[in-house]
Amino acid sequence: MPQPSAPRKTRGRPPRFSREEVVATARRIVDEDGVDRLTMRRLATEVGSTPMALYHHVRNKEELLLLLLDDHAARTLRRPELPAHPRERIIVAAAAIHEALAACPWIVEVLTADDLMSASALWFVEQIVDGLVECGLTPERAVHGYRAVWYYTAGEIVVRATAARRRADADDADADAYADRATYRERVFADLDPDELPRLARIADDWAPLTAEDTYLDGLRALVDGLLVSR
């Protein structure tokens, strides 16, 4: 006698999740593993859903990155009290951008694509451009000036973050290997030819601690002063 077939299991609806949960999960992934590891498939798995269901909340990875940018700006960008002098307004606005991004360097990697930006950050861009115009630059030169400030700010953050990540990775993977690399740099500077490179040879012993100092604001002020001389 044939046995009755087992009742077919009906698939329930996939678990519901909000856009806020999607953004929070995406932020955790990039914080832990970097922006390159963020994919729609992995994100769907992390929220317990499917890529198709995820597309109801975000159309693609670019839109997801824009949501992350806006989320980060909303949580970290605080409009500072601006001084009256336009030069100082430029410094304060740029320093506020630097402070917010330095705490989350992967954001800079996204922004350096140059076609993605957070609308929430445009207030800071406005202050920098306006300050440059008030100091005598044409609007066109002010835009160029803003780009110079942005390149300096983003580059400083990327270089420091990359160096810190390499040190951390080396410490985790092979501390001895990293020590060898550091020793090699010290050997190079110790063997500099003072006839060929007199300035570097004289300061070789202080090179590492000097380049580790946080001189962002000093460089920013010098850059802005240089931009204003051109007016």
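Fair warning: this is a prediction, and the values are worked out from it, not measured in the lab.

1. Observations concerning the UniProt feature "DNA-binding region" (unreviewed entry) in the chain
- Taking the numbering used here, the UniProt-annotated feature "DNA-binding region" (unreviewed entry) corresponds to residues 39-58.
- Helix and strand shares over residues 39-58 are 55% and 0% respectively, and the end C-alpha atoms of the span are 12 Å apart.

2. Let's talk about the pattern of salt bridges
- Using the criterion set out here, one finds 13 salt bridges in the structure.
- A salt bridge links Asp-71 to Arg-27, with the shortest nitrogen-to-oxygen separation between them at 2.6 Å. Note that Asp-71 is positioned in helix 4 (residues 61-76) and Arg-27 in helix 1 (residues 19-33), a separation of 44 residues in sequence.
- With a relative accessible area of 22%, Arg-27 lands in the partly exposed category.
- A cluster of three or more residues bridged by salt bridges with shared partners is formed by Arg-28, Glu-32, Asp-33, Arg-42 and Glu-46.

3. So, the nonpolar core
- Counting 54 residues, the largest nonpolar core has Leu-38, Leu-43, Leu-54, Leu-64, Leu-101, Trp-106 and Ile-128 as its most contacted members.
- It is helix 5 (residues 86-102) that contributes the most residues to this core, 8 residues altogether.
- Every residue in contact with Leu-101, bar those within four places of it in the chain, is listed here: His-72, Ile-107, Val-108, Leu-111, Trp-150 and Ile-157.

4. Structural notes on helix 4
- Here helix 4 contains 16 residues, and its C-alpha end-to-end distance of 22 Å stays within 8% of the 22 Å for a straight helix at 1.5 Å per residue.
- All buried positions along helix 4 are accounted for by Glu-63, Leu-64, Leu-65, Leu-67, Leu-68, Leu-69, Asp-71, His-72 and Ala-73.
- Two or three places before Glu-62, at the start of helix 4, stands the capping residue Asn-60, its side-chain oxygen 3.2 Å from that residue's backbone nitrogen.

5. Some thoughts on the side chain of Glu-63
- Relative to the helices and strands, Glu-63 is located in helix 4.
- For Glu-63, the residues in contact, after removing those within four places along its chain, are Arg-19, His-57 and Val-58.

What counts as what
- Position numbers for residues count from 1 along each chain, tracking the sequence in the order it is written.
- At least 70 in pLDDT is required for a residue's local features to be given in this predicted model, at least 80 for side-chain atom pairs to be given and counted, and no such filter applies to totals for whole chains, interfaces and linings, which use all residues.
- Computation of side-chain values covers all heavy atoms of the structure but excludes hydrogens and water.
- UniProt positions are given in the numbering used here, feature names are shortened, and annotations may be inferred rather than shown by experiment.
- Per the convention used, a helix needs a DSSP run of H or I reaching at least four residues, while a strand needs a run of E reaching at least two, with both numbered from the N terminus.
- Here a salt bridge means any side-chain nitrogen of Lys or Arg lying within 4 Å of a carboxyl oxygen belonging to Asp or Glu.
- For each residue, the accessible area found with a 1.4 Å probe, counting protein chains only, is set against the maximum for its type, and the residue is called buried under 20%, exposed over 50%, and partly exposed in between.
- To form a nonpolar core, buried Ala, Val, Leu, Ile, Met, Phe, Trp, Tyr and Cys residues must be joined to one another through side-chain atoms within 4.5 Å.
- For this analysis, residues touch if any pair of their heavy atoms sits within 4.5 Å.
- Here, expected helix span is obtained from the residue count minus one, scaled by 1.5 Å.
- Side-chain atoms alone can form a polar contact between residues adjacent in sequence; in general such a contact is a pair of N or O atoms within 3.5 Å, and within protein one must be able to donate a hydrogen while the other accepts it.

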